[in-house]
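Results of the structural survey
Next come the chains, spelled out residue by residue.
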Amino acid sequence: MSRKPWFRDWFGSEYLDLYSHRDRAEARRAVALLREATGLGAGARVLDVGCGPGRHLGELLGIGCRATGLDLSRHMTEAARAAVPGALLVRADMRSLPFRSGCFDAVTSYFTSFAYFDDKDDDLSVLSEVRRVLKSGGWYLLDFLNADEVVANLRKKDRRTVSGLEVVQERRLAEGGRVIEKRIGIGAGGRAPPREFVERVRLYRPGDLESMLLRTGLSPGPVFGGYDRSPHTPASPRYIVLAR
């Protein structure tokens, strides 16, 4: 019997509390990277896949893009609607994008909104859909974790207080080191009982991602190690690739 996908439960209010330090200033740097590296700006049609609470969406609109946000989580799309009034938001699965072919100048996947599925073919489906909805010559920005850095500096357990509740995070490598799994335990508070959530992300290395992009008709281009456009190294915090 297959288990319920972890992402069906996790992307709610608890997620927003835990990642509240990821703010609009960081999103502004991430969107600036796209603008400076591609020249996209006013009038460009951009799809932000896995838009979450809309922080990147708001910045894309701020530079004049005609931006659309897509997320599977109802809680995330509602949060984005509140944060970015008037934004076009769509609740859908990234493996089947509800848009006609060739209608976007760029697609973005910010802050590791990729590699969530147990089956690697599903990740290929995401990239194939990205390729389908892009115009000829359109850009895809994939902002992913740096797998080498994650493995080298794996912090197995940490404990902190978030919104007055104790949060314990435990991390491990699963499936022979091919997946990073994080269990998030949130203590009881008020009338809420203790809760536990899971994050699972497949640890694709740069070579893996470049092969997948090529396989789905996307040509890898510039690569960066952070939102400051620094070169990518094994110690970089991010692996950010621009493909066409």
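Residues numbered from 1 in each chain as written. Predicted model: local features only at pLDDT ≥ 70, side-chain atom pairs only at ≥ 80, totals over all residues. Heavy atoms only, no water.

**Points about unusual backbone geometry**
As a reminder of what qualifies: Helix and strand definitions follow DSSP, with helices as H or I runs of at least four residues and strands as E runs of at least two, each counted in order from the N terminus.
In this structure, S163 is a non-glycine residue whose phi angle is positive, near 55 degrees. Of note, S163 is situated in the loop between β6 (157-162) and β7 (165-174). In the Ramachandran plot, E175 falls in the positive-phi region, its phi being about 50 degrees despite a non-glycine side chain. Locating E175 in the fold gives a position in the loop between β7 and β8 (179-186).

**Considering the sheet that holds β8**
Using the following cut-off: Two strands make a pair as long as DSSP finds a minimum of two bridges between them. All axes here are fitted lines through C-alpha atoms, helices being fitted over the stretch that makes contact, and every angle between N-to-C directions spans 0 to 180 degrees.
A sheet is described by the order of its strands in space; here four strands give the open sequence β6-β7-β8-β9, paired in antiparallel fashion. A strand with exactly one partner marks an edge of an open sheet, and here the two such strands are β6 and β9 (195-202). Across this sheet, the average inter-strand angle for adjacent strands is 20 degrees, counted without regard to direction. Of the strand pairs in this sheet, β7 and β8 are connected by eight bridges, and their pairing is antiparallel. Bridge assignment links L173 to a residue of β8, and that residue is I180.

**Let's talk about the sheet that holds strand β10 (residues 220-224)**
Sheet architecture is open: seven strands sit in the order β3-β2-β1-β4-β5-β11-β10, paired in mixed fashion. Here the strands that pair on one side only, and so sit at the sheet edges, are β3 (88-91) and β10. Neighbour to neighbour, the strand axes of the sheet diverge by 20 degrees on average, direction disregarded. Bridge count for strand β4 (residues 104-109) against strand β5 (residues 134-145) is five bridges, and the pairing is parallel.

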